[in-house]
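Listed below, chain by chain, are the residues.
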Amino acid sequence: MPIYNQQPRPRVLFEAVPEEIFEELAALVPTAHSVKEGEEVHDTEYDLVVTRSTSAYTRDASVHVLSFGADVLDPVLLEDFRPVLPPQYVFRNQRTLAMEASIPSDVDGELRKLLERTVVATIPVGEKYAWTIPDDGASRAFPLVELGAEKSPYALMWEREEAEGSALVLALPAEATEYRAWLAWFLQHLHEVDPKTFPGDVDWASSRAWATARTAPIHGELGRVQERKAELLAQIEQQERDAQDALDRALKEDAVGLQRLLTADGDELEEAVHDALAVLGFSVQQMDDHHDATTKAKLEDLRVKDPDEEGWICLVEIKGYSKGAKTNDVNQIVGRPMRAYIAETRSEPSTVWHVVNTERGTDPTARRKAIPNDVDLELLTDANGALIDTRQLFLAVRDVQLGRQEASAIRKDLRIARTRWDYRVV
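Below is a summary of the structure that appears in this document. (Residues numbered from 1 in each chain as written. Predicted model: local features only at pLDDT ≥ 70, side-chain atom pairs only at ≥ 80, totals over all residues. Heavy atoms only, no water.)

Observations regarding unusual backbone geometry
The linkage connecting Arg-9 with the following residue, Pro-10, adopts the cis geometry, with an omega of 0 degrees. Looking at the secondary structure, you find Pro-10 in the segment before β1 (11-15). Positive phi values are uncommon outside glycine, yet Glu-178 reaches one of about 60 degrees. With respect to the helices and strands, Glu-178 occurs in the loop between β11 (168-172) and α3 (179-193). (Helix = DSSP H or I, 4+ residues; strand = E, 2+ residues; numbered from the N terminus.)

Laid out in structure tokens, this is it:
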């Protein structure tokens, strides 16, 4: 049956769209009408509504909607349409301060680029609102941009009815930009799902299929550049993945290696200090077995010698703390360990070190100075000893491993340290 007075498709209705924006967008479609305030139209004689209204559900449910800034979508009829329960609307009423955004992995291509450029890049600082989707409507919502760890929907595609072939709403926040690009993308998407209603390429004049003799070679050159770009991007992305994999492996090794200087206590910290001093070229002896066999007591953790300084020997006590270092623990290295050493060797040690890893659960940069008052370290000073913060030991070892410092210079500096050793000051 012929239909008279039907306008060319797609037929697009523009609602609450400023005149200058309407003129730009209308050029993309054969039939465009801007609704005046108070004007009534017959919704089903249009295929798509582009709206900046706060409501995206007022038009007939058979009409697709491209919405910028809507706060409410179509109603969801609860519990299989039981009349005793009223419909529940889908509102943009979920308050959030989140700035971190994610795009689902199945959103790719031009759509992902558009979202990154026009939605993610325009997320405002501070208060904003995301969509609340009732459980009964979850199958009709397809998030495009999600905020925070809660993955609150900030931009989404919405099926207007729970039926195959339902009209769609593309709901974007009011801050979204590039209206023309969004309309062009949505028209192309609708062409793919309903080519009868949305025939042809809306941007055909710029396409290669209808290029003039002048522009056809340029299309070819652009295509070659784009292919090369895609190849280079693929190579760079693979290199990035390889580097990330290598970093992940190295970080796992660091966690059980010298980085324990910054994270561990107990035996693990003792092992880390032992390994760090060995990297610096010291001769390091773990003392538990010796004391178990000789002194029958738990005394110093390590004894350290320097091959550059004959006869020099250091007793080392190592402590890890979840909070700050305890002043009373200083006595542990200058008390019984020194007396036992003198009784055993008939000589005094050259020096003693109290090695501490403080606030070990905190970013090392933010940690406070260990035992900040030098008066509390007088016993160490009197014993020609020093307090050593494992952060400083870590930095020194790293510089030696990177070739920035000579190990012999670090050993000399540690040998003469008194009261406290600060590698960065030295």
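Notes on the nonpolar core
Core analysis: the largest hydrophobic core is formed by 40 residues, its most contacted members being Leu-48, Val-50 and Trp-182. If you tally residues by element for this core, the top one is α3, at 8 residues. Dropping the residues within four chain positions of it, Leu-48 is found in contact with Arg-11, Val-12, Leu-13, Val-63, His-64, Val-65, Leu-66, Leu-183, Phe-186, Leu-187, Leu-190 and Phe-198. Ranked by size, the runner-up nonpolar core spans 34 residues in total, among them Leu-269, Leu-277, Phe-394 and Ala-407. (Core = buried A, V, L, I, M, F, W, Y, C linked by side-chain atoms within 4.5 Å. Buried < 20%, exposed > 50% of the residue type's maximum accessible area, 1.4 Å probe, protein only. Contact = heavy atoms within 4.5 Å.)

Things to note about helix α2 (residues 109-118)
Residues Leu-111, Leu-114, Leu-115 and Thr-118 constitute the buried set of α2. Down the axis of α2, the sector holding all buried residues measures 95 degrees, keeping them to one side. Buried residues belonging to α2 abut β9 (141-147) and α3. (Arc of directions from axis to C-beta.)

Notes on the pairing of strand β15 (residues 351-357)
Most of β15 is tucked away: 7 of the 7 residues are buried. Two elements, strand β14 (residues 309-320) and β15, share 7 bridges in a ladder whose sense is parallel. The residue of β15 that forms the bridge with Lys-319 is Val-356. Pairing analysis gives 4 bridges linking β15 to strand β16 (residues 386-389), with the strands arranged parallel. By the bridge assignment, Val-355 is partnered in β16 with Ile-388. (Pairing = 2+ DSSP bridges.)

Let's talk about the pattern of salt bridges
Scanning the model with the defined rule gives 23 salt bridges in all. Residue Glu-359 is joined to Arg-368 by a salt bridge in which the shortest nitrogen-to-oxygen separation is 3.0 Å. One salt-bridge network, held together by shared partners, links Asp-306, Asp-308, Glu-309, Arg-411 and Arg-415. (Salt bridge = Lys/Arg side-chain N within 4 Å of Asp/Glu carboxyl O.)

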